[in-house]
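Structure assessment
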Amino acid sequence: MRLKPKSDFWQVGIVPAPAEALLDAETLADCSSRIMWLPDPGPWRFLADPFAVKRGDALHVFVEAYDYHTKHGFIERHEFGPALEWRGKAVTLVRPFHLSYPFLIEQDGEVLMVPESHKAGEVALYRARAFPDGWVRETVLLADIPAAEACLIQHQGKWWMFYTVVGSGARDQRELHVAFADRLTGPWKTHPQNPVLVDRSGARPGGTPFVGADGQITLPVQDCSLSYGGGLRFLRFSLLTETHVTSEHLPVQLTGDLAAADYPDGLHTFSACGDLTLIDVKRIDRSFGRHIVNLKRKLLPKGGLPALG
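Residues numbered from 1 in each chain as written. Predicted model: local features only at pLDDT ≥ 70, side-chain atom pairs only at ≥ 80, totals over all residues. Heavy atoms only, no water.

The subject of this paragraph is the side chain of Lys158. Relative to the helices and strands, Lys158 is located in strand β12 (residues 158-165). Taking relative accessible area as the criterion, Lys158 reaches 15% and is therefore assigned buried. Reaching out from Lys158, the side chain makes a polar contact with the side chain of Glu242 at a distance of 2.9 Å. Residue contacts for Lys158: discarding those within four places in its chain leaves Ile153, Phe180, Ala181, Asp182 and Glu242. (Helix = DSSP H or I, 4+ residues; strand = E, 2+ residues; numbered from the N terminus. Buried < 20%, exposed > 50% of the residue type's maximum accessible area, 1.4 Å probe, protein only. Polar contact = N/O pair within 3.5 Å; in protein donor to acceptor, adjacent residues only side chain to side chain. Contact = heavy atoms within 4.5 Å.)

This is how it looks when you write it as structure tokens:
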């Protein structure tokens, strides 16, 4: 008898609390009844990796939209009103290769995106010609590196990038790498100490870095010790220079069950947007239905990529 395959399904939520307030697991649990969840995308699909920006009275939430029927991810945008009422969605960015983790940057009134595109072997910067639409690939920040989950922050006059590298033996689940530049568009240099941390329980980036009251950068990181994206921790950098990196984990850990009882198996993104925080939580499905989905994908002609808009 064939075993029931394991499938991860993620759900994206908007937590009505700022990121620093959620450095306490009890606070997330207290907010659980007030989390606004994005609509269900349908059978054998999920939404994950949320990042958001506010423009006017709208909150624009960008996510990875993944379909097990095609095993292809693309970037989708969901719009919410002032009371977090859902207004609709649109396909934002599609490439021939898998896209996920649409990390957003606001600079000089513009919105930029650094989506994960490790299958293209690059970290690329995209710019919105007329936000929220018209995304174009502007430049490559890191070339010839299968980098995943790139997170960027400007601190003390320098840009810092935290990322992991996809490789054999689930390398991306246990290594943290750093790059730095004087300008967002580069040139970027990889840190001589890379990987600056090797720890399956808290090295893979998982959200928006932020600077605390102590002036130190804190980076959300994933706990993959039991399963991919099984929980979220926070890594604080006491030393971050072009030659040396020193960091330590904070004691708090966030898990999916704190936010949603029916998604208890993971939490792997934690992104800040003003007085709101976006998360995703996971449930693991084990059913023979995945075999049927896989069979259909092999037998049926390949469908086209989703259309923009």
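Backbone hydrogen bonds are what pair the strands of a sheet, in a parallel or an antiparallel way. Strand order in this open sheet of four strands is β7-β8-β9-β10, and the pairing throughout is antiparallel. Taken across any chain shown, the strands that pair with only one partner, and hence form the sheet edges, are β7 (100-107) and β10 (133-143). For this sheet, the mean angle separating the axes of adjacent strands, direction not counted, is 25°. (Pairing = 2+ DSSP bridges. Axes fitted to C-alpha atoms, helices over the stretch in contact; angles between N-to-C directions.)

It is worth spelling out the packing of aromatic side chains at this point. Across all of its chains, the model carries 15 aromatic pairs by this definition. A centroid spacing of 6.4 Å and a plane angle of 80° characterise the contact between Trp10 and Tyr228, whose relative ring orientation is edge-to-face. With Trp10 in strand β1 (residues 6-15) and Tyr228 in the loop between β18 (217-223) and β19 (231-240), this pair connects stretches of sequence that are 218 residues apart. Here Trp10 falls in the buried class, since its relative accessible area comes to 5%. A residue is classified by how much of its surface remains accessible, and Tyr228, at 26% relative accessible area, is partly exposed. For the ring pair Phe234 and Phe270, a centre distance of 5.0 Å and an interplane angle of 80° mean the geometry is edge-to-face. On the criterion of sequence distance, the pair formed by Phe234 in strand β19 and Phe270 in strand β21 (residues 266-273) is long-range, its members being 36 residues apart. A relative accessible area of 1% places Phe270 in the buried class. Three or more aromatic residues joined by ring pairs form one cluster here, namely Phe9, Trp44, Phe46, Tyr66 and Tyr68. (Phe/Tyr/Trp six-rings, centres within 6.5 Å; stacked < 30°, edge-to-face > 60°.)

On to the side chain of Glu175. Along the chain, the position of Glu175 falls in strand β13 (residues 175-181). Among the polar contacts made by the side chain of Glu175, one reaches the side chain of Arg171 at a distance of 2.8 Å. Not counting the four nearest positions on each side in its chain, Glu175 is found in contact with Tyr163, Thr164, Pro195, Leu197, Val198, Ala203 and Arg204.

Of the positions making up helix α2 (residues 289-299), those classed as buried are Arg290, His291, Val293 and Asn294. Take α2 and look down its axis: the buried residues cluster within an arc of 160°, on one side only. For α2, the exposed residues lying more than 90 degrees away from the buried face are Ile292 and Leu299. Summarising the contacts, the buried residues of α2 are in contact with β1. (Arc of directions from axis to C-beta.)

Cis peptide bonds are those with omega within 30 degrees of zero, and the linkage from Phe131 to Pro132 qualifies with 10°. Counting through the fold element by element, Pro132 comes out in the loop between β9 (122-130) and β10. Residue Pro195 is bonded to the preceding Asn194 through a cis peptide linkage, with omega at -10°. As for its placement among the helices and strands, Pro195 is situated in the loop between β14 (189-190) and β15 (197-198). One non-glycine residue, Asp49, adopts positive backbone phi at about 55°. Locating Asp49 in the fold gives a position in strand β3 (residues 45-55). Although it is not a glycine, Glu149 adopts a positive phi angle of roughly 55°. Examined against the element boundaries, Glu149 turns out to sit in strand β11 (residues 147-155).

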